[in-house]
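Fold and geometry: a report
Here is what each chain is made of, one letter per residue.
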Amino acid sequence: MKIRKAIFPVGGLGTRFLPATKAMPKEMLPVVDKPLIQYAVEEAAAAGVEEFIFVTGRNKSAIEDHFDHSTELENVLQAKGKSEALITVQQMMREPGSVSYVRQQEPAGLGHAVWCARNQVGSEPVAVLLADDLILGTPALQEMVDAYRDGNMVAVMEVSPEETSSYGIITPDHEKGPLITVKGLIEKPAPEKAPSNLAVVGRYIIEPGVFTNLAEGHKGAGGEIQLTDALASRIGKAAFAGLKFSGQRYDCGSKIGFIKANMAFALQRPELRAELHKWLAEQISS
Ligand code: UTP
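Calculation notes
- Residues numbered from 1 in each chain as written.
- Predicted model: local features only at pLDDT ≥ 70, side-chain atom pairs only at ≥ 80, totals over all residues.
- Heavy atoms only, no water.
- Helix = DSSP H or I, 4+ residues; strand = E, 2+ residues; numbered from the N terminus.
- Rg over C-alpha atoms; globule rule 2.2 N^0.38 Å.
- Buried < 20%, exposed > 50% of the residue type's maximum accessible area, 1.4 Å probe, protein only.
- Contact = heavy atoms within 4.5 Å.
- Areas by Shrake-Rupley, 256 points an atom, 1.4 Å probe, with all protein chains shown as cover.
- Lys, Arg positive; Asp, Glu negative; His and termini not counted.
- Charge placed at Lys NZ, Arg CZ, Asp CG, Glu CD.
- Near = heavy atom within 4 Å.
- Polar contact = N/O pair within 3.5 Å; in protein donor to acceptor, adjacent residues only side chain to side chain.
- Nonpolar A, V, L, I, M, F, W, Y, C, P; charged D, E, K, R; others polar.
- Phe/Tyr/Trp six-rings, centres within 6.5 Å; stacked < 30°, edge-to-face > 60°.
- Lys NZ or Arg CZ within 6 Å of the ring centre and 35° of its normal.

**Some remarks on the overall build of the protein**
- Helix and strand content of the protein: 11 helices and 13 strands.
- Here the protein has a C-alpha radius of gyration of 19 Å; the compact-globule value for 286 residues is 19 Å, and the two agree.
- Across its three principal axes, the protein shows a C-alpha extent of roughly 60 × 50 × 35 Å.
- Split into buried and exposed, the 286 residues of the protein put 48% on the buried side.
- If you take every contact in the protein between residues at least 6 apart in sequence, the share linking residues at least 24 apart comes to 75%.
- When the accessible surface of the protein is split by element, carbon and sulfur atoms take 52% of a total near 14300 Å².
- Both charge centroids of the protein, one from 30 positive and one from 35 negative side chains, sit 2 Å from each other.

Shown next as structure tokens:
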């Protein structure tokens with residue numbers, strides 16, 4: 001089934017990255033030379049998404065500027081014959097009218113952010129991508145779209161038992177290859193209460209019933225309106241699948257995850273690999 005629309009919740013405060021995120025959105029932090037949000041938008045576009053809905057907040061205008069023309073910059077690059085750089089800044093433009101921005105007004109949680117996009121979504125399944133979950137290798141959303149039939153779907157990965165309290169954790173039912181039927185979902189359980197070690201990461205395909213639940217505004221873990229709670233409420237009413245994606249995920253919402261992502265993505269770049277590799281080896285041996 002084709003997924004035409006995607007929501008990018010970018011309304012969070014990014015407190016773990018202060019002071020960098022005081023005036024700059026966390027989603028604009030670069031991994032090598034590209035902001036996190038651009039990786040997410042490119043992943044969605046590659047999976048066939050045509051409409052891009054950003055749920056923003058205060059201090060997020062850099063994201064709007066990033067996906068718009070920068071006439072002055074483009075003129076300078078043109079005049080100086082910097083055609084490669086010009087292509088780079090023009091490539092990320094999307095078709096006029098295909099990008100929209102909604103203000104979340106208060107960072108009341110991921111579920112609340114998603115609900116703020118309800119009027120742009122209408123009554124069709126929609127993808128949700130969290131830019132701070134960065135995936136190296138096979139794009140996870142493409143794998144999900146290929147496997148999606150109906151209902152709700154989340155990307156899942158195995159975490160160590162002591163990490164369950166940082167994630168939504170599923171109760172798996174049947175497993176068939178990378179696809180798992182989900183019969184339960186709980187937000188941030190303590191290790192002794194976790195039903196499995198299969199954690200939800202920031203890629204979702206959600207059906208319209210989730211918005212109906214979000215509209216009720218129930219607060220969950222941390223006093224926030226949680227997307228996982230709304231998804232859990234749909235179990236038994238709509239199909240629910242987890243997909244074990246094949247790429248490598250980096251948690252760029254945490255400092256160590258962000259640093260690892262920069263290293264891993266830089267090591268993939270032919271022009272950076274040899275020197276970085278050499279430097280890393282020197283650091284480790286010293
Ligand atoms: P996080 O909880 O990781 O982001 O939410 P945060 O709150 O910005 O970061 P910290 O914990 O304070 O450092 C995951 C994603 O959900 C979005 C964030 O922008 C991020 O992309 N989000 C979160 C919203 O859009 N609105 C919210 O109210 C909360």
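**Focus on the site of the ligand**
- Close to the ligand lie 17 residues; G11, T15, R16, Q104 and G109 are nearest.
- At a separation of 3.1 Å, an oxygen atom of the ligand approaches a polar backbone atom of L13.
- A distance of 2.8 Å separates an oxygen atom of the ligand from a polar backbone atom of G14.
- Partitioning the shell around the ligand into residue classes produces seven nonpolar, six polar and four charged.

**Quick notes on the packing of aromatic side chains**
- Scanning all chains against the criterion turns up seven aromatic pairs.
- Taken together, a centroid distance of 5.4 Å and an interplanar angle of 80 degrees make the contact between F17 and F258 edge-to-face. On the criterion of sequence distance, the pair formed by F17 in the loop between β1 (5-9) and β2 (30-31) and F258 in helix α10 (residues 255-267) is long-range, its members being 241 residues apart.
- F17 gets classed as buried once you look at its relative accessible area, which sits at 8%.
- Here the aromatic rings of F54 and Y101 are separated by 5.1 Å at their centres, their planes lie at 20 degrees, and the arrangement is stacked. Here F54 is found in strand β4 (residues 51-56), whereas its partner Y101 is found in strand β5 (residues 99-103), with 47 residues between them in sequence.
- Its relative accessible area of 28% is what places Y101 among the partly exposed residues.
- Joined through ring pairs, the aromatic side chains of F8, F52, F54, F67 and Y101 make up one cluster.
- For the cation-ring pair, K34 lies above Y39, with the distance from its terminal atom to the ring centre recorded as 4.8 Å.
- Over the face of the ring belonging to W115 we find R118, whose NZ or CZ atom lies 3.8 Å from the ring centre.

**Some thoughts on the environment of K244**
- Tracing the sequence through the fold places K244 in strand β12 (residues 240-244).
- Residues K244 and E50, spaced 194 residues apart in sequence, show a C-alpha to C-alpha distance of 25 Å.
- Sequence-distant contacts of K244, that is, excluding residues within four places in its chain, are made with V156, E158, E175, P178, I180 and L198.

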